[in-house]
Amino acid sequence: MYQPETSYEDFLKSEQEKYPELNLKDIEVLTERLKANVDLPPLRAKLIVMFLHSSYFNVDEAYKTITNYCKYRKELPQVFENYDPSSEEMKQVFDNMSICIVLNPSSGKQERILYTNFKNTDPREYDYVRCCRYFFMMLEYLMVTSGTFDGVVLTMNSKGVSWRHITKTPMNTMKRLLGFVQEALPVRLKEVHVLNAGSIISMLFSIIKPFMRSNLMNLLKIFPEDSTDIFNHMPIDLMPLEIGGNGKSHYEYCEETYQKMISARDFFLSLN
């Protein structure tokens, strides 16, 4: 794993060993195209490598993805600014939600596994925007410490979701974040699993389905309440105890993830 302060030269050398398709010429061409667009803010060199990888080494596609990335970040400052894992807002998320990394090996390019689960189902303690900020901070930590990898698999346990959670979710923000996920991610999204999906989740998907493209729909797997079919897709030895897995409690995964984010606080502050 890398440290946030790992030099770009060391980072790039290791990334090319993982993916020989990452060639200097493509990186240089993409970097120059970005510099030529005066409407785009400066982008970290490591992040440019991430985008080239997430776009399967297609320079044109990487450029398009980066322009979308900058657009959505500008439109959603409430999600993509004020990164500070030790802030009271992020502590509030930590106290009420498990948003965590389940699998992040110290080396290699295998898929990374992310997981979310309510700690407290009281809608009064639920803040969608703060949860999204926490999630994307976690993704930043994953990228800066892992570099490129084959993709992300996200499993969300929806047990405890109520209609009051839905009414507290700003739909315009959710719509834009769906656009970000589909058009602007600097990682490859491989699968999204939704566990314990009852009538409320069905209602939510009927609302957001018009904003979901076929490529995202194809990644989505929805499991009914109390189904154990998730273990046909995910390793039972890693998944949290609370859903029948043999891994750690999601509370423990969340604590480990949060402490790692706290240790990288200086990095997060540098992004603001």
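As shown above, the structure is provided for reference.
Below, the structure is looked at part by part.

Definitions and limits used
- Residues numbered from 1 in each chain as written.
- Predicted model: local features only at pLDDT ≥ 70, side-chain atom pairs only at ≥ 80, totals over all residues.
- Heavy atoms only, no water.
- Helix = DSSP H or I, 4+ residues; strand = E, 2+ residues; numbered from the N terminus.
- Rg over C-alpha atoms; globule rule 2.2 N^0.38 Å.
- Buried < 20%, exposed > 50% of the residue type's maximum accessible area, 1.4 Å probe, protein only.
- Contact = heavy atoms within 4.5 Å.
- Areas by Shrake-Rupley, 256 points an atom, 1.4 Å probe, with all protein chains shown as cover.
- Expected span 1.5 Å × (residues − 1).
- Polar contact = N/O pair within 3.5 Å; in protein donor to acceptor, adjacent residues only side chain to side chain.
- Core = buried A, V, L, I, M, F, W, Y, C linked by side-chain atoms within 4.5 Å.
- Axes fitted to C-alpha atoms, helices over the stretch in contact; angles between N-to-C directions.
- Parallel < 35°, antiparallel > 145°, perpendicular 65-115°, else oblique.
- Nonpolar A, V, L, I, M, F, W, Y, C, P; charged D, E, K, R; others polar.

A look at the overall build of the protein chain
Part 1: Assigned secondary structure in the protein chain consists of 13 helices and five strands.
Part 2: Relative to a compact globule of 272 residues, whose C-alpha radius of gyration would be 19 Å, the protein chain shows 18 Å and is just as compact.
Part 3: Across its three principal axes, the protein chain shows a C-alpha extent of roughly 50 × 35 × 35 Å.
Part 4: Out of the 272 residues in the protein chain, the part that is buried amounts to 54%.
Part 5: Here the analysis covers contacts within the protein chain between residues at least 6 apart in sequence; of these, 77% occur between residues at least 24 apart.
Part 6: In the structure as shown, the protein chain presents an accessible area of about 12,900 Å², 51% of it carried by carbon and sulfur atoms.

Looking at helix α7 (residues 128-146)
Part 1: For α7, built from 19 residues, the straight-helix expectation of 27 Å at 1.5 Å per residue is met to within 8% by its first-to-last C-alpha distance of 27 Å.
Part 2: Across the 19 residues that make up α7, a large majority, 18, are buried.
Part 3: Capping the start of α7, D127 holds a side-chain oxygen 3.2 Å from the backbone nitrogen of V129, two or three residues further along.
Part 4: Of the residues one or two after α7, G147 is the one with positive phi, at around 70°.

Brief notes about the nonpolar core
Part 1: Residues L30, L114, Y134, F136 and F268 are the most contacted members of the largest nonpolar core, which totals 93 residues.
Part 2: If you tally residues by element for this core, the top one is α7, at 14 residues.
Part 3: Once you skip the residues sitting within four places of it in the chain, L30 turns out to touch I48, L52, V59, A62, Y63 and I66.

Digging into the packing of helix α9 (residues 171-183) against helix α10 (residues 199-208)
Part 1: Axis separation between α9 and α10 bottoms out at 11 Å; the angle between their running directions is 70°. By the angle between their directions, the pair α9 and α10 is classed as roughly perpendicular. Taken together, the residues of α10 that come into contact with α9 (itself represented by M171, M174 and L178) are L204, I207 and I208.
Part 2: Tallied by class, the residues present in the contact of α9 with α10 amount to six nonpolar, no polar and no charged.

A word on the environment of N246
Part 1: Mapping N246 onto the fold places it in the loop between β5 (220-224) and α12 (250-263).
Part 2: Distance from N246 to I208, taken between C-alpha atoms, is 33 Å for residues 38 residues apart in sequence.
Part 3: The contact partners of N246, leaving out residues within four places of it in the chain, are I236, D237, M239 and L241.
Part 4: A distance of 3.3 Å separates a polar atom in the side chain of N246 from a polar atom in the side chain of D237.

Keep in mind that these numbers describe shape and distance, not what the molecule does.
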